[in-house]
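One-letter residues, chain by chain:
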Amino acid sequence: MSRQASRLDAKKVNSEFLTLTYGALVTQMLRDFENVDDVNKQLERIGYNMGMRLIEDFLARTSAPRCLEMRETADRIQQAFRIYLNVQPTISNWSAASDEFSLLFDTNPLTEFVELPSDLSNLRYSAILSGCIRGALEMVQLEVQSWFVQDQLKGDNVTELRVKFVRRLEEAIPAGED
Amino acid sequence: MSEEIVFDCLHAEIVNYCLNNSKDQNDLGTLEYIGFTTGYRLIERLTRDVGRFKDELETMKFICTDFWTLIYKKQVDNLRTNNYGMYVVQDKAFRFLTRISPGSKQLEQAPKFVAFTCGLVRGALSNLGINSTVTAEVQTIPACRFHIEVNRG
């Protein structure tokens, strides 16, 4: 048996396990909701909740100090993607005011086995990622907006996730579910 | 380690989603089904380069040892069979129960943390040609016992 086990690459299995489980969840949601926008909202919310939990692990793991400007925040988000999803997005397209940037993904592990049928063109399959960023940053008193500008699932060359600074939250808001 | 926490968070969210979204809070069917489709697809990718299993016992051993260790990061503590198609897997520190504090109130909640896995195992076996019924029993958190019954005929 050990001979067989050695052929299985644990890292790859973990990543595929996550990808396939997420896919099963999205499929279930599409069955549960008639409206694709509702699915987008649910995925975003799940990401938001996960972000709120993951940021604690991130802070504990990296002992990162407080960010003083968005450029630092962008670096941390990039680092988080490397730690948790094993991908390294490129940071680019800064706005003139340095309050808005893009994360460019050559590959997106969540969509590895996915092809969108044409009737689901407004499904934001990876909405969990933008939700996650929003949830995580809110826990460190940063309110941001995050949305997809380009998506490889929809035929674009890269997947581009935009992050925009909204405001600094004065004090920690108790974490709510909704 | 780092990917584990991502999956643990996702699993917790899936549990909440399935229960909040169903009319009956005790209906674990959706959760089990999500596990089933995941297991069905995952095993297909995993066994691509593995030789064909010679019989049911060998398949079971693969699922309950190699597969289990990969997914749950530890070996099962015990695997038994009555040799009539009934297999019992015991895990004394089941991954999705280790973050829950032991107590009778929590014990009531335990079934929702094992339903995905019941489906996962059933799905994996199904793709390998074994039709089964998988149930789980939690007596003390975080220990868990999975009963796999092969449906023959």
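Residues numbered from 1 in each chain as written. Chains lettered and ligands numbered in written order. Predicted model: local features only at pLDDT ≥ 70, side-chain atom pairs only at ≥ 80, totals over all residues. Heavy atoms only, no water.

Topic: the sheet that holds strand β1 (residues 78-81) of chain B
Residue and element names in this part refer to chain B.
Next up, step 1: The antiparallel open sheet is built from four strands, whose spatial order is β1-β2-β4-β3. The open sheet has two free edges, formed respectively by β1 and β3 (132-137), since each of these has just one partner strand. With direction set aside, neighbouring strand axes in the sheet form an average angle of 15°.
Next up, step 2: Taken together, the four bridges between β1 and strand β2 (residues 86-91) define a ladder with antiparallel strand orientation. Bridge assignment links Arg-80 to a residue of β2, and that residue is Val-88.
Next up, step 3: The sheet contacts of helix α3 (residues 56-72) involve β1, β2 and β4 (144-150), and relative to β2 the element is tilted by about 15°.
Next up, step 4: Contacting β3 and β4, helix α5 (residues 111-127) crosses the sheet at an angle of about 155° to β3. (Pairing = 2+ DSSP bridges. Helix = DSSP H or I, 4+ residues; strand = E, 2+ residues; numbered from the N terminus. Axes fitted to C-alpha atoms, helices over the stretch in contact; angles between N-to-C directions. Contact = heavy atoms within 4.5 Å.)

Remarks on the environment of B:Leu120
Next up, step 1: Structurally, B:Leu120 is set in helix α5.
Next up, step 2: As a C-alpha pair, B:Leu120 and B:Tyr33 span 87 residues in sequence and 8.3 Å in three-dimensional space.

Things to note about the interface of chain A and chain B
Next up, step 1: Contacts between the two partners involve 36 residues from chain A, matched on the other side by 37 residues from chain B.
Next up, step 2: Roughly 3,600 Å² of surface becomes buried between chain A and chain B when both sides are summed, with 68% attributable to carbon and sulfur atoms.
Next up, step 3: Close ionic contact of B:Arg45 with A:Glu16 constitutes a salt bridge, the shortest N to O distance being 3.1 Å.
Next up, step 4: On the surface where chain A and chain B come into contact, there are five residue pairs in polar contact (both at pLDDT 80 or more).
Next up, step 5: Every element with two or more residues in the side of chain A that touches chain B is listed here: α1 (2-5), α2 (10-32), α3 (36-62) and α4 (70-85) of chain A.
Next up, step 6: Counting residues per element, the side of chain A that touches chain B draws most heavily on α2(A), which supplies 17 residues.
Next up, step 7: Residue composition of the side of chain A that touches chain B, grouped by class: 20 nonpolar, seven polar and nine charged. (Buried area = accessible area lost by both parts, 1.4 Å probe. Salt bridge = Lys/Arg side-chain N within 4 Å of Asp/Glu carboxyl O. Polar contact = N/O pair within 3.5 Å; in protein donor to acceptor, adjacent residues only side chain to side chain. Nonpolar A, V, L, I, M, F, W, Y, C, P; charged D, E, K, R; others polar.)

Describing the confidence of the model for chain A
Where the model shows low pLDDT, its predicted coordinates should not be examined in detail.
Next up, step 1: Here chain A averages 91 in pLDDT, and 91% of its residues register 70 or above.
Next up, step 2: Here residues 1-5 of chain A is a poorly scored stretch, pLDDT under 50, and it has twelve contacts once near neighbours within four places are set aside; other chains count. (pLDDT = per-residue confidence, 0-100.)

A closer look at the sheet that holds strand β2 (residues 100-105) of chain A
Residues and elements named next belong to chain A.
Next up, step 1: Spatial strand order, β1-β2-β4-β3: four strands in an open sheet with antiparallel pairing. Lying at the two open borders of the sheet, with one neighbouring strand each, are β1 (90-92) and β3 (142-150). Across the sheet, the mean angle separating the axes of adjacent strands is 25° when strand polarity is ignored.
Next up, step 2: Relative to strand β4 (residues 159-168), β3 is paired through eight bridges, and the arrangement is antiparallel.

Describing the pattern of salt bridges
Next up, step 1: This model, assessed by the stated rule, comprises 15 salt bridges over all chains.
Next up, step 2: Ionic pairing is found between A:Lys164 and A:Glu100, a salt bridge with its closest N-O pair at 3.9 Å. One end of the pair, A:Lys164, is in strand β4; the other, A:Glu100, is in strand β2, with 64 residues separating them in the sequence.
Next up, step 3: Looking at A:Lys164, the relative accessible area reads 26%, which means it is partly exposed.
Next up, step 4: Salt-bridge contacts for B:Asp8 lead to B:Arg99; the nearest nitrogen and oxygen are separated by 3.4 Å. In this pair, B:Asp8 is assigned in helix α1 (residues 2-21) and B:Arg99 in the loop between β2 and α4 (104-109), connecting sequence segments 91 residues apart. (Buried < 20%, exposed > 50% of the residue type's maximum accessible area, 1.4 Å probe, protein only.)

So, the nonpolar core
Next up, step 1: Formed by 97 residues in total, the largest nonpolar core has its most connected members in A:Phe81, A:Leu103 and B:Leu97.
Next up, step 2: Here this core takes ten residues from α1(B), the largest share from any one element.
Next up, step 3: Not counting chain neighbours up to four residues away, the residues in contact with A:Leu103 comprise A:Ile77, A:Phe81, A:Pro89, A:Thr90, A:Ile91, A:Ile133, A:Thr159, A:Glu160, A:Leu161 and A:Val163. (Core = buried A, V, L, I, M, F, W, Y, C linked by side-chain atoms within 4.5 Å.)

Some words on the packing of aromatic side chains
Next up, step 1: What the rule picks out here adds up to 18 aromatic pairs over all chains.
Next up, step 2: Consider the rings of B:Phe7 and B:Phe96, whose centres lie 6.1 Å apart with planes at 25°: the pair is stacked. Here B:Phe96 lies in the loop between β2 and α4 and B:Phe7 lies in helix α1, a separation of 89 residues in the sequence.
Next up, step 3: On the basis of relative accessibility, which here comes to 3%, the residue B:Phe7 falls in the buried class.
Next up, step 4: Residues B:Tyr72 and B:Phe94 carry aromatic rings whose centres are separated by 5.1 Å and whose planes lie at 45° to one another, so their mutual orientation is tilted. Here B:Tyr72 is found in helix α3, whereas its partner B:Phe94 is found in the loop between β2 and α4, with 22 residues between them in sequence. Just as B:Tyr72 is buried, B:Phe94 falls in that class too.
Next up, step 5: In this structure, A:Arg71 packs its charged tip against the face of A:Trp94, placed 4.3 Å from the ring centre. (Phe/Tyr/Trp six-rings, centres within 6.5 Å; stacked < 30°, edge-to-face > 60°. Lys NZ or Arg CZ within 6 Å of the ring centre and 35° of its normal.)

Details of the pairing of β2(A)
All names here are of chain A.
Next up, step 1: Burial runs high along β2: six of the six residues are buried.
Next up, step 2: Side chains of β2 alternate between two faces, with Glu-100, Ser-102 and Leu-104 and Phe-101, Leu-103 and Phe-105 buried alike.
Next up, step 3: Bridge count between β1 and β2: three bridges; the pairing is antiparallel. Paired with Ser-92 across the bridge in β2 is Ser-102.
Next up, step 4: Here β2 runs beside β4; their pairing, made up of six bridges, is antiparallel.

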